[in-house]
Amino acid sequence: MLVAMMCHFTASYSQFDFETTYFADGECPDGTKFLPEPPALASSSFYDDFYYYQWGKTVRDTELGEVAKEQDSQEVVDIYTDVIGFQISPQGTPEIYKFCQWLCNDVHNENKHSRNYFQRTRPFVQFNEPSAIPENYEDKGQSWGYPSGHAARSYAYALTLSCLMPQKSAEIMDFAESYALGRVICGHHYKSDVDASFRLATTLFASAVGLPKFLTQLENARQEYASMIEPTEVKTTKEEAVRLDTPIYDLSGRKMSDPQVGVFIRNGKKYLKMLSR
C-alpha cells in the first residue's frame, strides 16, 4: 500500500510544471540589483523587524497564529481556492495554471538567486528559538531568509490572478498580504523579508506583462476563465458587488469600520489582515 501511495503521489506531483518560465535565460530582472540590502542588526529598520518578530510570537497560540500555521503546509497553487471560488490545477484549469505558475517559476528562481546573494539568517535561527512549526523547519537554519520564498510565490499568484480577474483583485491582494504576515508570525521570516518578496514579485510581473509569451498565455487563461463563468456572468457580478459591500466583524462580533491587523469575519469566513504598506 505504501508503494502504491508513493507512486500515486509521484504521478500527481509530476503533473506540476516547475520548469517553464516567461523569461529566457539572462533576461529576468536581477533581484540583487534592485532589492535593498536587508536591515543591519543595529539599524532603525531592524527595530521594525524585531517588533514584528516579537509580536508574532505573542499570537502564535491565537486564532491568528493557527491560521498562519495551517497555511504553512499548503501549496501556493491551493491557497487561493476560497478567494477566487475554484481550484487551480494542471488538469482542471490548465491555461490558468500555466499563466500563474510560469511567473511563479520565474519568481522562485530569482528568489533563490537573491537569497544566496544576501545570505540573511532567519529570525528563529538568529535568536536561537523554535519557530511556530519546529518539526517542519529543523533544516531551515541552513537556508537563508531574504526574500521569503513562500511569500514571493504567493505574490506571483496574487498578481497574475488579479490580472486575470480584476473584480477580485482587492480580496486576492488582501489574502496575499495576510499570507505573508503568517510567515512572520511563524518566525520563519522577518517583516522586511516578506516586503522584499513583494518587491521582487511585482518587479518581475511588471517586466513580464509586455512579453509575447505572457500576453499569449494571458489570452489563453482569459478564454478558459470566461468559459467557466459565462453562464452566470451577470449573476456572479451582482453577487460579488453585494459580497464586497458586506460588513466586517472582529471575533467578538463587533462591527469594524476600518480593520487593521488581526483575524476578521466577512461573509461568514475568517480572514487575516495586516497593516497597509
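Higher on the page you've got the structure.
Residues numbered from 1 in each chain as written. Predicted model: local features only at pLDDT ≥ 70, side-chain atom pairs only at ≥ 80, totals over all residues. Heavy atoms only, no water.

With that settled, consider helix 10 (residues 191-208). Over its 18 residues, helix 10 runs 26 Å from end to end, which matches the ideal 26 Å to within 8%, given 1.5 Å per residue. By the burial criterion, the buried members of helix 10 are Lys191, Ser192, Asp193, Val194, Ala196, Ser197, Leu200, Ala201, Leu204, Phe205 and Ala208. The inward-facing, buried residues of helix 10 abut helix 2 (31-34), helix 3 (44-58), helix 6 (94-118), helix 8 (149-164), helix 9 (169-185) and helix 11 (212-229). (Helix = DSSP H or I, 4+ residues; strand = E, 2+ residues; numbered from the N terminus. Expected span 1.5 Å × (residues − 1). Buried < 20%, exposed > 50% of the residue type's maximum accessible area, 1.4 Å probe, protein only. Contact = heavy atoms within 4.5 Å.)

The next point concerns the nonpolar core. In this structure, Tyr80, Ile88, Ile96, Tyr157 and Leu161 are the most contacted members of the largest nonpolar core, which totals 59 residues. Sorting the residues of this core by element identifies helix 3, helix 4 (63-72), helix 5 (81-84), helix 6, helix 8, helix 9, helix 10 and helix 11 as the ones contributing at least two each. Here tyrosine 157 is in contact with Val76, Val77, Tyr80, Ile88, Tyr97, Cys100, Gln101 and Cys104, once residues within four sequence places are set aside. (Core = buried A, V, L, I, M, F, W, Y, C linked by side-chain atoms within 4.5 Å.)

Quick look at the environment of leucine 164 now. The topology assignment puts leucine 164 in helix 8. With 61 residues separating them in the primary sequence, leucine 164 and tyrosine 225 have C-alpha atoms 8.1 Å apart. In this view, leucine 164 contacts Ile96, Phe99, Ala221, Arg222 and Tyr225; residues no more than four positions away in its chain are not counted.

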